[in-house]
Every structure is written in structure tokens, then in C-alpha cells.
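Structural overview
In case you want the letters, here they are:
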Amino acid sequence: ECDRVKINVLEGYTVKIKLEEKKASRNMETCDTDVYIEMKWDNGDKRAGLYALAALKKNGNDIMEKIAYEMLNIGTGSRRKG
């Protein structure tokens with residue numbers, strides 16, 4: 001189960017993203033969201049990572065971070081689950 005999927009046929013990879021809300025232990029209000037990213041290339045290589053949503057950067061050094069930023073439309077106000 002995932003919140004977003006991106007298939008890039010030309011570059012040969014598939015990315016799946018799952019948003020996970022963390023809860024504050026004291027008052028159980030939402031305090032942050034983590035982004036689990038799984039990337040699989042056509043040659044069978046796989047990579048996964050967990051990022052803080054608030055820390056994702058458009059120009060980060062990590063390809064998965066850049067793709068997640070793009071897929072979630074951070075900064076545009078158009079992020080939606082679906």
C-alpha cells in the first residue's frame with residue numbers, strides 16, 4: 001500500500017511513496033510526517049529510505065529526496081493524498 005507511485009520508463013525505475021504521520025506521545029496531536037520512499041530499477045536494484053517531510057529539499061543531493069519532493073508537490077499548496 002502506498003500514497004503515490006511514479007513509473008519512469010525512459011530512466012527505468014519505479015518509485016513508491018507512503019506518508020506516515022507521527023503522533024506526539026503527550027497529547028496525541030499530529031506533530032510531524034515521515035515519508036517512506038521505495039525505489040526499484042529495471043535491473044532489479046532496490047533502495048528505500050525514510051525522510052522527514054518538512055526536511056525534503058528540491059535541490060537535495062539524494063535522487064530519492066528530489067523525486068519525493070517533486071511527487072508530493074511541496075511548496076505548491078497542491079499536495080493531496082490519492
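The rules behind the values
Residue positions are given per chain, counted from 1 along the sequence in the order it is written. Totals for whole chains, interfaces and linings use all residues, but because this is a predicted model, local features are given only for residues with pLDDT of at least 70 and pairs of side-chain atoms are given and counted only at 80 or more. Based on all heavy atoms of the structure, the side-chain values leave hydrogens and waters out of the count. By definition, a salt bridge exists where a carboxyl oxygen of Asp or Glu is found within 4 Å of a side-chain nitrogen of Lys or Arg. Helix and strand assignments come from DSSP, with helices taken as H or I runs of at least 4 residues and strands as E runs of at least 2, each series counted from the N terminus. With a 1.4 Å probe rolled over the protein chains alone, any residue whose accessible area is under 20% of its type maximum counts as buried; one over 50% counts as exposed, and the rest are partly exposed. By convention a nonpolar core is built from buried Ala, Val, Leu, Ile, Met, Phe, Trp, Tyr and Cys residues, the set being connected through side-chain atoms within 4.5 Å. Any two residues whose heavy atoms approach within 4.5 Å at even a single point are treated as in contact. A residue's pLDDT is the confidence the predictor assigns to it, expressed on a 0 to 100 scale. What qualifies as a polar contact is a pair of N or O atoms within 3.5 Å, subject to a donor-acceptor requirement within protein and to the restriction that residues adjacent in sequence count only when both atoms come from side chains.

1. Looking at the pattern of salt bridges
For the coordinates displayed, the defined rule picks out 3 salt bridges. With its nearest N and O atoms 3.6 Å apart, the salt bridge here joins glutamate 1 to lysine 18. Here the residue glutamate 1 occupies a position in the segment before strand E1 (4-8), and lysine 18 occupies one in strand E2 (residues 13-23), the gap between them amounting to 17 residues. Residue classification places glutamate 1 among the exposed residues on the basis of a relative accessible area of 89%. For the salt bridge of lysine 6 with glutamate 70, the shortest nitrogen-to-oxygen distance reads 2.8 Å. Of this pair, lysine 6 sits in strand E1 while glutamate 70 sits in helix H1 (residues 63-71), and the two are 64 residues apart along the sequence. Assessed through its relative accessible area of 47%, glutamate 70 is described here as partly exposed.

2. As for the nonpolar core
If you look at the biggest cluster of nonpolar residues, it comprises 15 residues, and the most contacted ones within it are Val15, Ile17, Val35, Ile37 and Leu56. Of all the secondary-structure elements, those providing two or more residues to this core are E2, strand E3 (30-41) and H1. Per-element accounting of this core gives the leading share, 5 residues, to H1. Those residues within four positions of valine 35 in sequence are excluded, and the remaining contacts are Ile17, Lys18, Leu19, Gly49, Leu50, Tyr51, Leu53, Leu56 and Leu72.

3. Points about the confidence of the model for the protein
For the protein, the mean per-residue pLDDT works out to 82, and 78% of the residues sit at or above 70. The low-confidence segment residues 76-82 (pLDDT under 50) makes 9 contacts with residues lying over four places distant or belonging to another chain.

4. Comments concerning H1
Since there are 3.6 residues in each turn of an α-helix, residues three or four apart along the chain are aligned in direction. All buried positions along H1 are accounted for by Met64, Glu65, Ile67, Ala68, Tyr69 and Met71. At the N-terminal end of H1, a side-chain oxygen is found 2.9 Å from the backbone nitrogen of methionine 64, two or three residues along, and the residue is aspartate 62. Positive backbone phi, at 55 degrees, marks asparagine 73, one or two positions downstream of H1.

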